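# Results of the structural survey
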Amino acid sequence: MNNKDLAKNILELVGGERNISGLTHCATRLRFVLKDDAKADLKKLDQLEGVLRAQNSGGQVQVVIGAKVDAVYNEVKGLASDRIGGSEESPDHNEPKKKRNPVNVVLETIAGIFTPVLPALIGCGMIKCVATVIAALGWLEGSGFLVIVNMIGDLIFYFLPFFLAVSAAHKFKTNPYLAVALAAGLMHPTILNAAAQIADTGVTTIDFLGMPILLMKYSSSVIPIILAVWIMSYVYRFVDQFIPKFLRVLLTPMVVLFIMIPLELIVLGPIGSYIGDWLTQGINYLFSTAGVLAGLILGFFKPIMVMFGMHYALMPIQVQQVASLGSTVLLPAALAANLAQAGAAFGVFVLTKSKTMKSAAGSSGFTALFGITEPAIYGVTLRYKRPFFAGCAAAGLVGGFYSLVHASATAISLPGILALGTYTADRYMYVVIGSVAAVVLGFVFTLMAGIKEDADGAKMKQQATGAVDSIQTAVVSGTNAEQTSPQTSASSSDMLIVSPMTGEIKPISEVEDQAFAQELMGKGIAIVPTEGKVYAPFDGMVEALYRTKHAIGLKAANGVEILIHIGVDTVSLKGKYFNAHIEQGQAIKAGDLLVEFDPEGITSAGYNTITSIVVTNMQQFGDVLTTATSGPIRESEALIKLIP
């Protein structure tokens with residue numbers, strides 16, 4: 001499924017664009033704020049091709065996509081840009097707002113403001129890491145190159161109010177250019193230079209109509225600009241409604257700035273700075289008085305926070321710590337959590353018998369080493385549960401160790417091995433030792449806990465145990481389903497999938513859709529159909545029938561799940577040339593006609609009819625084998641064998 005089709009399906013399953021009041025995304029997931037959460041079908045979203053997981057957390061419907069989340073986000077915004085955010089064009093904009101947990105509102109607001117800024121934060125943080133490594137090695141000391149690299153690394157941290165102003169303006173639905181003007185008010189040389197000269201001049205305030213403006217340094221500050229933009233969103237609407245329409249373009253910005261700049265410099269800026277300082281001092285006090293315990297708790301729960309998308313709530317505190325103190329004590333625990341999940345994924349790689357899961361565990365483990373853990377968590381460790389908590393335990397121990405040795409990071413970056421250079425030099429070896437320990441402990445704890453691959457399929461295995469030998473004999477001898485009828489032996493049919501159509505067998509790698517060709521959707525085979533009919537390969541039920549009728553999800557009585565996807569990108573045909581004879585949730589018998597389609601019509605429309613047949617819950621089996629990789633096959637002949 002391409003990104004545009006995935007975006008269309010996601011948009012439909014969250015209740016349509018009219019149900020969306022807000023949308024942001026982070027490194028791996030789409031974050032929807034919906035008017036009515038009940039309209040979102042989380043079960044179907046979770047099963048959607050291209051979605052790793054769907055969940056409702058922190059007042060958001062979160063759809064975990066993975067590496068291509070930015071592309072899918074752009075497609076969703078392109079499809080519904082006129083209505084997302086509750087614009088005036090939407091007839092639903094006057095409906096009453098639903099009551100929401102205040103804590104969830106705060107978390108969602110923080111995530112919504114910081115996630116768009118993350119690329120710049122991470123990019124500058126990683127460049128800062130490079131500069132730190134170069135300086136530590138004594139290379140290019142005093143060179144213009146190192147000066148410029150350090151400048152690039154400091155860009156977002158020095159001018160952070162400007163970045164947050166734009167993001168907050170979009171979040172609070174107010175004018176982004178006036179928001180940038182508020183940031184300029186905080187960062188103007190009149191304020192910054194005077195604040196820097198307090199020690200020499202002794203002047204701490206500027207008089208404004210008898211009210212004192214405190215001279216403070218707002219570079220790298222977080223809370224002052226967010227507070228200012230939030231208040232401005234109300235002031236702007238209030239002012240705008242009293243000014244005649246023909247004068248709004250002239251008077252509204254002038255009045256708003258005349259109110260807001262003094263207000264932010266006299267009241268909001270100092271309050272926000274004090275709040276930021278108090279949070280920073282509070283966290284530091286917690287880590288200094290109960291450091292080991294604080295690090296242990298944060299390290300253990302960090303993967304759980306990632307799972308629910310709550311980890312961005314720590315971002316303002318981390319940024320404020322770096323701005324105020326030059327380093328943050330929170331990132332080491334995140335580093336421990338990410339590396340421990342990498343170790344747990346490598347443990348699954350060793351333990352699993354499934355070739356596909358080995359591939360997933362190995363690749364996602366390496367991804368976690370570099371700071372992105374969602375593929376490892378959702379695709380591997382959480383699937384077996386025990387490895388996930390083994391990683392949490394390892395992260396807790398290493399997080400406690402980091403607190404014990406007072407490890408801290410000097411820049412905001414992805415908590416992975418590439419960011420090791422951003423940790424304070426006097427504790428650097430402790431950070432390296434902890435990093436190795438996190439991976440090793442996550443790996444060892446997973447080996448000790450085990451993965452129990454057959455836990456979810458225990459009932460299936462019990463049903464099939466007595467039939468394994470007869471199935472293998474049937475397949476090896478070439479016995480087809482007419483000779484070993486699916487209806488005659490429930491146990492044998494549990495382990496053998498027959499062909500749902502007549503055609504020519506092709507390797508799944510020849511499908512011009514990487515989700516199938518790379519077996520991301522599951523292991524299986526492809527068939528180029530010679531007849532436009534799809535039959536039920538076993539007794540079971542229809543788990544999913546796509547609206548466009550080009551794809552069917554089936555589940556056998558014993559839990560075996562397969563996806564039959566007719567053609568490549570045929571979702572774009574919107575059901576043309578397809579006729580379904582079944583409905584979602586309907587019980588089926590082996591041999592039932594499920595879908596008819598017109599191969600010639602599909603081909604004439606410019607689409608390939610090659611059909612993918614994959615086992616989507618392949619992790620529950622020792623292996624998924626195909627009876628052949630080429631040659632003709634008829635409907636009901638043996639196609640796929642499952643090894644318990």
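Because the structure is a prediction, the values reported are computed rather than measured. (Residues numbered from 1 in each chain as written. Predicted model: local features only at pLDDT ≥ 70, side-chain atom pairs only at ≥ 80, totals over all residues. Heavy atoms only, no water.)

## Here we look at the overall build of the protein
- Of regular secondary structure, the protein possesses 24 helices and 20 strands.
- Taken across its 644 residues, the protein has 52% of its residues classed as buried.
- Within the protein, counting contacts between residues at least 6 apart in sequence, those at least 24 apart form 73% of the total.
- Total accessible area on the protein stands at roughly 28300 Å², and carbon and sulfur atoms take up 61% of it. (Helix = DSSP H or I, 4+ residues; strand = E, 2+ residues; numbered from the N terminus. Buried < 20%, exposed > 50% of the residue type's maximum accessible area, 1.4 Å probe, protein only. Contact = heavy atoms within 4.5 Å. Areas by Shrake-Rupley, 256 points an atom, 1.4 Å probe, with all protein chains shown as cover.)

## Section: the sheet that holds strand E10 (residues 533-535)
- Taking strand neighbours across the sheet as the criterion, the 3 strands line up as E10-E16-E14 in an open arrangement whose pairing is antiparallel. Here the strands that pair on one side only, and so sit at the sheet edges, are E10 and strand E14 (578-580). Pairwise comparison of adjacent strand axes, ignoring direction, gives a mean angle of 15 degrees for this sheet.
- The pairing of E10 with strand E16 (residues 593-597) spans 3 bridges and is antiparallel. Note on E16: the bridge partner recorded for Tyr-535 is Leu-593. (Pairing = 2+ DSSP bridges. Axes fitted to C-alpha atoms, helices over the stretch in contact; angles between N-to-C directions.)

## Things to note about the pattern of salt bridges
- Inspection of the entire model under this criterion finds 4 salt bridges.
- Between Lys-555 and Glu-561 there is a salt bridge, with its nearest N and O atoms 3.9 Å apart. (Salt bridge = Lys/Arg side-chain N within 4 Å of Asp/Glu carboxyl O.)

## What to know about the pairing of strand E17 (residues 611-615)
- The element E17 is largely enclosed, with a buried count of 5 among its 5 residues.
- Burial of E17 is two-sided: the residues Thr-611, Ile-613 and Val-615 facing one way and the residues Ser-612 and Val-614 facing the other way are all buried.
- Relative to E17, strand E9 (residues 523-529) runs antiparallel, the two being bridged by 5 bridges. When the sheet's bridge partners are listed, Ile-527 is paired in E17 with Thr-611.
- As defined by bridge partners, strand E13 (residues 561-565) adjoins E17 across 4 bridges and the pair is classed as antiparallel. Looking at E17, one finds that Ile-562 is bridged to Val-615.

## Digging into unusual backbone geometry
- Residue Lys-173 is not a glycine yet carries a positive backbone phi of 55 degrees.
- Mapping Lys-173 onto the fold places it in the loop between helix H7 (160-171) and helix H8 (176-187).
- Look at Leu-209: it is not a glycine, yet its phi comes out positive at around 55 degrees.
- Relative to the elements of secondary structure, Leu-209 occurs in the loop between strand E5 (205-208) and strand E6 (211-214).
- The exposure class assigned to Leu-209 is exposed, which follows from its relative accessible area of 71%.

## A short note on the packing of H8 against helix H11 (residues 223-242)
- The N-to-C vectors of H8 and H11 enclose an angle of 135 degrees; their axes lie 10 Å apart at closest approach. Between H8 and H11, the angle falls in the class oblique. Seen from above, H8 lies across H11 with right-handed handedness. In this structure, H8 uses Leu-178, Ala-179, Leu-182, Ala-183 and Leu-186 to contact H11, whose residues at the interface are Pro-224, Ile-225, Ala-228, Val-229, Met-232 and Tyr-236.
- Looking at the contact of H8 with H11 residue by residue, the class counts come to 11 nonpolar, no polar and no charged. (Parallel < 35°, antiparallel > 145°, perpendicular 65-115°, else oblique. Left-handed = near helix turned anticlockwise from the far one by under 90°. Nonpolar A, V, L, I, M, F, W, Y, C, P; charged D, E, K, R; others polar.)

## Structural notes on the packing of aromatic side chains
- Under the counting rule described, the total for this entry stands at 11 aromatic pairs.
- Ring plane angle 80 degrees and centroid distance 6.1 Å describe the contact between Trp-230 and Tyr-234, whose orientation is recorded as edge-to-face. Of the two residues, Trp-230 and Tyr-234 both sit in helix H11, 4 residues apart, roughly one turn of that helix.
- Here the aromatic rings of Phe-401 and Tyr-430 are separated by 6.3 Å at their centres, their planes lie at 70 degrees, and the arrangement is edge-to-face. One end of the pair, Phe-401, is in helix H18 (residues 386-404); the other, Tyr-430, is in helix H19 (residues 428-449), and 29 residues separate them in sequence. (Phe/Tyr/Trp six-rings, centres within 6.5 Å; stacked < 30°, edge-to-face > 60°.)

## Points about helix H15 (residues 331-351)
- The end-to-end C-alpha distance of H15 is 30 Å, a good match for the 30 Å that 21 residues give at a rise of 1.5 Å each.
- The buried fraction of H15 is high, at 18 of 21 residues. (Expected span 1.5 Å × (residues − 1).)

## Some details on the nonpolar core
- Core analysis: the largest hydrophobic core is formed by 68 residues, its most contacted members being Phe-114, Leu-121, Leu-164, Ile-225, Val-229 and Ile-412.
- Counting residues per element, this core draws most heavily on H15, at 10 residues.
- Setting aside residues up to four positions removed in sequence, Val-229 forms contacts with Ala-165, Ala-168, Ala-169, Phe-172, Thr-174, Ala-179 and Leu-182.
- Listed in part, the 37 residues of the second largest apolar core include Val-14, Leu-23, Leu-45 and Tyr-546. (Core = buried A, V, L, I, M, F, W, Y, C linked by side-chain atoms within 4.5 Å.)

## Observations regarding the environment of Asn-175
- Note that Asn-175 resides in the loop between H7 and H8.
- Sequence separation between Asn-175 and Ala-165 is 10 residues; the distance between their C-alpha atoms is 9.9 Å.
- Not counting chain neighbours up to four residues away, the residues in contact with Asn-175 comprise Ala-169, Met-232 and Tyr-236.

## Considering the confidence of the model for the protein
- Taken as a whole, the protein shows an average pLDDT of 80; of its residues, 87% reach a score of 70 or greater.
- Taken together, the stretch residues 85-96 has pLDDT below 50 and engages in 18 contacts with residues farther than four places along the chain or on a different chain.
- Every residue in residues 454-494 scores below 50 in pLDDT, and together they form 45 contacts with partners more than four places removed in sequence or on other chains. (pLDDT = per-residue confidence, 0-100.)

## Brief notes about the side chain of His-565
- Topologically, His-565 is positioned in strand E13.
- The class for His-565 is buried, based on a relative accessible area of 4%.

## Concerning the pairing of strand E4 (residues 60-64)
- With 5 of 5 residues buried, E4 is to be regarded as a mostly interior element.
- Every second residue of E4 is oriented toward a common face, with Gln-60, Gln-62 and Val-64 on one face and Val-61 and Val-63 on the other, all of them buried.
- Direction of pairing for strand E2 (residues 29-34) relative to E4: antiparallel, over a ladder of 4 bridges. Counterpart to Leu-30 in the pairing with E4 is Val-63.
- Two elements, strand E3 (residues 53-57) and E4, share 5 bridges in a ladder whose sense is antiparallel. For Ala-54, the partnering residue across the bridge sits in E4 and is Val-63.

## Some details on the sheet that holds E4
- Strand order in the open sheet formed by 4 strands is E1-E2-E4-E3, with antiparallel pairing between adjacent strands. For this open sheet the edge positions go to strand E1 (20-25) and E3, each flanked by a neighbour on one side alone. Between one strand axis and the next, the sheet turns by 20 degrees as a mean value, whatever way the strands run.
- Against the sheet, helix H17 (residues 374-384) touches E2, E3 and E4, its axis set at about 105 degrees to E3.

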